[in-house]
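# Descriptive structure summary
Residue-level listing of the chains:
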Amino acid sequence: MKKMKTYHQVIGETIEQMRTDRGLTQGELAEMVGTSQSAIHRIEKGGQNVSLEMIKKLSEALGSQILSINDSAKQSFRIRGGKELSGEITVNTSKNAAVGLLCASLLNAGKTTFHRIARIEEVFRIIEVLESIGVKCKWTNRHRDLEIISPRELKLEEMDLEAARKTRSIIMFLGPLLHRYKHFQLPYAGGCSLGTRTVEPHIKALESFGLDVDAQCRSGFYDVTVNQHTLNKYSDRYIVLIERGDTVTENVLMAAALSPGKTTIVGASPNYMVQDMCFFLEKLGVKISGIGTTTLTVRGRARIDENVEYDVSEDPIEAMSFIAAAYVTNSEITIQRAPIEFLEIELEILKSMNAKFEKSSEYLSANGRTRLIDLKIMKSELVAPKDKIHPMPFPGLNIDNLPFFSVIAAVAKGRTMIHDWVFENRAIYTTELSNLNAKVELLDAHRLYIEGPTNWRPADLTAPQALRPAVVVLIGMLAAPGTSILRNVYPINRGYQDFAARLRHLGADISPLTGI
């Protein structure tokens, strides 16, 4: 029987992981907190009692909360706003690409290595699910890369249901698993609180592979049956998606990857995470044409057994987060490795708002395919756009980038309409900015007016339980002179790696609220 770790060991492992993530040696950390290297070594090995005062010092030095002493302090930030940002920041790899690629690793019987994969809560939840069903996952290269080896037989009955229910990405297990099992169950998908997100487009699209899902037969689970005759029919498949969704497209791509013959996907999303999925599948020997368009043609393989390495592309949504932070705090920063193909519409809208910026020459991401630039954001006197701002499927304004325009509009002179037609209640979250003194007029669940500029004021708020709206509130707090508290920031950690520490790198005064 495996021996249970002591709480000293758990705290020690947490400190060691946080230290290595920041690239610090034990000696460097010891100097920062006023102790010896040997003491840090003993703490990390679980061999030394740690005082609350030392945990507080370590939390501050590592820029992240190690443990919570009371509920009110759990995963919270203290922001002293009203400060300009400066310097350079490099865009991390994509969160949305990472979760899809982790699901796609189930297609491969060989070893899959993802380079520079995002170390965020959403990724950790998928890894926890993979490990619980027998997949070997190993961090290498100082926790920058992830090696994955899928076993011959998965242990679906041992799936970590708590982790699975915290992420909507679990729905992307459908595509890979339908080739392994005649019958299986998946827990209902979780993730952001953005209203009811139907799985019907996934079910309809995967019918061509014999998949049938009963979501009613057992509370809390999708009950999946796969018709083997339909699955093993190697005739050409022609699938028209009833929703141009990113995860729907990825699910069909994964199903098609292990289906010999031709699969044509009409109405596919050409968004960034879908392109990453296509590039990875090509590394596995799958033939795909039409990448970057709404019609994909896939020629799959009967079996995939490759030792493959793939570099995940940069995250355009994170890039937009820093763009918004710069304009809202009236700062000048340089954002390196920004994926320009997925930011061009956003930049054009900003240009219409009198935003000033400079773009470098283009260069390629480590995957050899994604186009990148360095983007210099300059101080600007923003004005409201003449037309409403609304998202569209790629190549339109990215749906996930729309919330950032609400906080940008709050510093622009004039009245801006934001039309969030996609999600049922995300626009309502924008009214949280009124707690920071923004003038927000909610017209209905999808439309609102924002009038700027805003005379920001600090506040003590609980983060919206949706990823991008939570970041929008945080950005508003960066602009508000005085001290703000943002509580329960798990939604931010779900999609951003070391976001507070990276903002500090740009000069923001933001720290974990340890409560000690």
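Computed from a predicted structure; not experimentally measured.

Check the secondary structure of the protein chain and you find 19 helices and 23 strands. Along the first, second and third principal axes, the C-alpha atoms of the protein chain reach 65 × 65 × 45 Å. Each of the 516 residues in the protein chain was classed as buried or not, and the buried ones make up 55%. Surface summary for the protein chain: the accessible area is close to 21,200 Å², and the carbon and sulfur share equals 47%. With 62 positive and 60 negative side-chain charges, the protein chain shows a spacing of 2 Å between the two charge centroids.

With that settled, the discussion passes to the pairing of strand β14 (residues 332-339). For strand β2 (residues 86-90) and β14, the ladder comprises five bridges, and the chain directions are parallel. Bridge pairing in β14 links T90 to Q336. Taken together, the five bridges between β14 and strand β17 (residues 371-378) define a ladder with antiparallel strand orientation. Directly across from I335, in β17, lies its bridge partner L375.

This part is about the packing of helix α2 (residues 26-33) against helix α3 (residues 37-44). Put simply, α2 and α3 touch, their axes get as near as 8 Å, and they point 105 degrees apart. Put simply, α2 runs roughly perpendicular to α3. Across the interface between the two elements, Q26, G27, L29, A30 and V33 of α2 pack against Q37, I40, H41 and E44 of α3.

A few words now on the pattern of salt bridges. According to the stated counting rule, one finds 21 salt bridges in the structure shown. Of the charged contacts in the structure, one is a salt bridge between E306 and R301, with a shortest N-O distance of 3.0 Å. Owing to a relative accessible area of 29%, E306 belongs among the partly exposed residues under this scheme. Judged by its relative accessible area of 25%, R301 is partly exposed.

Across all of its chains, the model carries nine aromatic pairs by this definition. Ring plane angle 45 degrees and centroid distance 4.6 Å describe the contact between Y496 and F499, whose orientation is recorded as tilted. Taken individually, Y496 and F499 each receive the classification buried, so the pair is uniform in this respect. Site record: aromatic cluster; members linked through ring pairs are F114, F280 and Y310. Directly above the ring of W139 sits R119, whose terminal nitrogen or CZ lies 4.3 Å from the centroid. Over the ring of F221 we find R165; its NZ or CZ atom is 5.0 Å from the centre of that ring.

Bringing the sheet that holds strand β10 (residues 261-266) into the picture now. If you walk across this open sheet you meet the four strands as β9-β10-β12-β11, and the pairing is mixed. Both outer strands of the open sheet, β9 (237-240) and β11 (287-289), are each paired with one neighbouring strand and no more. Here the strands of the sheet are splayed against their neighbours by 15 degrees on average, with no regard to which way each runs. Where β11 lies against strand β12 (residues 295-300), three bridges are found, and the strand directions are antiparallel. Across the sheet, residue K287 finds its bridge partner in β12, namely R299. Its contacts with the sheet put helix α11 (residues 246-257) on β9, β10, β11 and β12, and the angle it makes with β12 is roughly 25 degrees.

Another aspect to go through is helix α5 (residues 95-104). Within α5, ten of the ten residues are buried, leaving the element largely enclosed by the surrounding structure. Along α5, the positions that sit buried rather than exposed are K95, N96, A97, A98, V99, G100, L101, L102, C103 and A104. Between the side-chain oxygen of the N-cap and the backbone nitrogen of N96 there are 3.3 Å, and the N-cap of α5 in question is S94.

The next thing to look at is the sheet that holds strand β21 (residues 460-462). Taken together, four strands build an open sheet; the order of strands is β21-β22-β1-β23 and the sheet is mixed. The open sheet is flanked by β21 and β23 (509-512), the only strands paired with a single partner. Taken over all neighbouring pairs, the strand axes of this sheet differ in orientation by 20 degrees on average, direction set aside. Two elements, β21 and strand β22 (residues 482-487), share three bridges in a ladder whose sense is parallel. Counted as the bridge partner of T462 is R487 from β22.

Per-residue confidence for the protein chain gives a mean pLDDT of 90, with 94% of residues at or over 70. Confidence over residues 69-73 falls short of pLDDT 50; this stretch has twelve contacts with residues more than four positions distant or in other chains. Here residues 191-196 is a poorly scored stretch, pLDDT under 50, and it has 23 contacts once near neighbours within four places are set aside; other chains count.

With twelve residues, helix α6 (residues 121-132) should reach 16 Å at 1.5 Å per residue; the first-to-last C-alpha distance of 16 Å fits that figure. Most of α6 is tucked away, with ten of its twelve residues classed as buried. Of the residues making up α6, those classed as buried are E121, E122, V123, F124, R125, I126, I127, V129, L130 and S132. On its buried side, α6 packs onto α5, β4 (136-140), β5 (145-149), α7 (161-164) and α18 (490-495). With its phi angle positive at about 105 degrees, G134 sits one or two positions after the end of α6.

Let us now look at the packing of helix α13 (residues 316-328) against helix α15 (residues 402-409). In contact at an axis separation of 9 Å, α13 and α15 are set at 5 degrees when each is read in the N-to-C sense. Regarding the angle of α13 to α15, the classification is roughly parallel. The residues of α15 that touch α13, namely those facing I317, M320, S321, A324 and V328, are F404, F405, V407 and I408. Taken together, the residues that form the contact of α13 with α15 break down as eight nonpolar, one polar and no charged.

About the criteria used
Within each chain, residues carry numbers counting from 1 in the order of the written sequence. This being a predicted model, a pLDDT of at least 70 is required before a residue's local features are given, and a value of 80 or more before pairs of side-chain atoms are given or counted; all residues contribute to the totals for chains, interfaces and linings. As a rule here, side-chain values come from all non-hydrogen atoms in the structure, and water together with hydrogens is ignored. For the purposes of this entry, the term helix denotes a DSSP run of H or I that reaches at least four residues, the term strand denotes a run of E that reaches at least two, and both are numbered from the N terminus. Three exposure classes are used, based on accessible area relative to the maximum for each residue type with a 1.4 Å probe and protein chains only: buried under 20%, partly exposed in between, and exposed over 50%. Residue-level accessible areas treat just the shown protein chains as cover; the underlying method is Shrake-Rupley with a 1.4 Å probe. Neither His nor the chain ends contribute to the count of charged residues, in which Lys and Arg are positive and Asp and Glu negative. Charged groups are reduced to one reference atom each: NZ for lysine, CZ for arginine, CG for aspartic acid, CD for glutamic acid. Strand pairing requires that DSSP identify at least two bridges connecting the strands. Each axis is a line fitted through C-alpha atoms, taken for helices only over the stretch in contact, and angles between the N-to-C directions span 0 to 180 degrees. Angles below 35 degrees are treated as roughly parallel, those above 145 as roughly antiparallel, those between 65 and 115 as roughly perpendicular, and all remaining angles as oblique. Note on contacts: a residue pair qualifies if any of its non-hydrogen atoms lie within 4.5 Å across the two residues. When a carboxyl oxygen of Asp or Glu lies within 4 Å of a side-chain nitrogen of Lys or Arg, that pair is called a salt bridge. Classification of ring pairs uses Phe, Tyr and Trp, with its six-membered ring standing for Trp, and accepts pairs whose centres are within 6.5 Å; under 30 degrees between planes counts as stacked, over 60 as edge-to-face, and the remaining range as tilted. Only when the NZ of Lys or the CZ of Arg is both within 6 Å of the ring centre and within 35 degrees of the ring normal is a charge said to sit over the ring. Any pair of nitrogen or oxygen atoms within 3.5 Å is treated as a polar contact; in protein, a donor-acceptor pairing is required on top of that, and neighbouring residues in sequence qualify only through side-chain atoms on both sides. The predictor rates its confidence in each residue with pLDDT, a number between 0 and 100. By this rule, a helix spans an expected 1.5 Å times one less than how many residues it contains. We call Asp, Glu, Lys and Arg charged. Ala, Val, Leu, Ile, Met, Phe, Trp, Tyr, Cys and Pro are nonpolar, and the rest, Gly among them, are polar.

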